Amino acid sequence: MSSAPSPATPLLNTPLNALHIELGARMVPFAGYSMPVQYPAGLMAEHHHTRTAAGLFDVSHMGQLRLVGADAAAAFETLMPVDVVGLGVGKQRYGLLLNDEGGIIDDLMFFNRSKDIFVIVNGACKVGDIAHIIERIGHRCQVIPMPERGLLALQGPQAAAVLSRLIPGVEKLVFMTGGDFQWNNADLFITRSGYTGEDGFEISVHESRAEEFARALLAESEVKPIGLGARNSLRLEAGLCLYGNDIDHSTTPPEAALNWAIQKVRRSAGERAGGFPGAGKILSQIDQPETLTRKRVGLIARERIPVREPAVLENLDGQHVGHITSGLLSPTLNQPIALAYVQADHAQPGTEIFAIVRGKSVPMVVSATPFVPTNYFRG
């Protein structure tokens, strides 16, 4: 989530800005950029299209950077509780930048390209992230921002068929792998990943070729443009966190139910245990989960009343037990779903709690995520 810039700060445009306007997008301020929230078909149609065919997202507001040097992986590993050193060439991993208290500065994706570590960070956080990385490890490796690169995401069950028509061979990638490709003499870096729970790809392309490539994708019958509104509903159905809503500098990975992102090698008794900001606190929370006072959970409403952030959550006795961090009516399930932080003793699946919406008590049940099964292609 990003706060809108002050009126004195002009909005930035992505390389696809003129195309969005041509396609009739409703543009809104997001992460300092003018971004399409939806196109004339509307959020629901865009959401369903991505779940059944292929949706094209402009995510060029995201930050792209390279870490270069023999010490880059070991240096980057000092900033995060994940295994960077052991990530194989050609593979991608989810990471968490931490502050010294173990809070999450940002979540990100990083990729071992052998020649460098390629990193994608959230748009609203990229200036601070890059400054933080340079301050902490800039003396150990080169930190090279890539503002000249656009980023597109093609997501949905038809994404591989479409992209392989333009770029033969890309269909051989599996989830969380990638590589260098060419299209009409344009250099592309493509990973098989995304933020929707569907199969799909993220494509880094020079800003000078981004619109041309986007038009080529949109010329395929299965592809339609998708805005930020559907991107949010898709990621929430997939149970994925939105930085600024579901995770932030005040939440630790165990509180955020992100222990899965911390590999064994970085945990207590692991080969490279600790050595990251807030390690003592985070490893203690992993080893002694009973010490957690709150935890991120999924919720499904029993009634068809959308429950949105920051609605308060109460137990049967009317006591405050947490709050909603993301919530909406799921287009796929036709039920209200949400992510929330609740007191640890209310985090068990099946627990009933109540969201207070305009003075009305809406019954909700703690549920496993993802709410909609993921369709990642693993080979």
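Since we're looking at a predicted model, the values are computed, not measured.

Conventions and cut-offs
Residues numbered from 1 in each chain as written. Predicted model: local features only at pLDDT ≥ 70, side-chain atom pairs only at ≥ 80, totals over all residues. Heavy atoms only, no water. Helix = DSSP H or I, 4+ residues; strand = E, 2+ residues; numbered from the N terminus. Buried < 20%, exposed > 50% of the residue type's maximum accessible area, 1.4 Å probe, protein only. Contact = heavy atoms within 4.5 Å. Areas by Shrake-Rupley, 256 points an atom, 1.4 Å probe, with all protein chains shown as cover. Lys, Arg positive; Asp, Glu negative; His and termini not counted. Charge placed at Lys NZ, Arg CZ, Asp CG, Glu CD. Axes fitted to C-alpha atoms, helices over the stretch in contact; angles between N-to-C directions. Parallel < 35°, antiparallel > 145°, perpendicular 65-115°, else oblique. Left-handed = near helix turned anticlockwise from the far one by under 90°. Nonpolar A, V, L, I, M, F, W, Y, C, P; charged D, E, K, R; others polar. Polar contact = N/O pair within 3.5 Å; in protein donor to acceptor, adjacent residues only side chain to side chain. Pairing = 2+ DSSP bridges.

A. Looking closely at the overall build of the chain. A count of helices and strands for the chain gives eight helices and 20 strands. Judged by the C-alpha coordinates and their principal axes, the chain covers about 65 × 50 × 50 Å. Classification of the 379 residues of the chain by burial places 58% in the buried group. Contacts in the chain between residues at least 24 apart in sequence constitute 67% of all its contacts with a sequence separation of at least 6. Accessible area for the chain stands at about 15600 Å²; split by element, carbon and sulfur atoms hold 53% of it. Charge-centre separation for the chain: the mean point of 33 positive side chains lies 3 Å from the mean point of 38 negative side chains.

B. The arrangement of the packing of helix α5 (residues 159-166) against helix α6 (residues 207-218) in detail. Viewed as axis vectors pointing N to C, α5 and α6 meet at an angle of 120°, and their least axial separation amounts to 10 Å. The angle between the axes of α5 and α6 places the two elements in the oblique class. In terms of crossing hand, the pair formed by α5 and α6 is right-handed. On α6, the residues that touch Val162, Leu163 and Leu166 of α5 are Phe213, Ala216 and Leu217. Taken together, the residues of the contact of α5 with α6 break down into six nonpolar, no polar and no charged.

C. How the structure looks around the side chain of histidine 47. In this structure, histidine 47 sits in helix α2 (residues 43-52). For histidine 47, a relative accessible area of 0% puts it in the buried group. A distance of 2.7 Å separates polar atoms of two side chains, one belonging to histidine 47 and the other to serine 233.

D. Summary view of the sheet that holds strand β16 (residues 312-314). Pairing in this closed barrel of six strands is antiparallel, and the strands run β15-β18-β17-β16-β19-β20 around the ring. Going from strand to strand, the sheet's axes swing by 40° on average, the running direction of each strand aside. Here strand β15 (residues 294-301) runs beside strand β18 (residues 336-343); their pairing, made up of seven bridges, is antiparallel. Among the inter-strand pairings, isoleucine 300 is bridged to a residue of β18, identified as isoleucine 337. Against the sheet, helix α7 (residues 228-237) engages β17 (320-329) and β18, with an angle of about 125° to β17.

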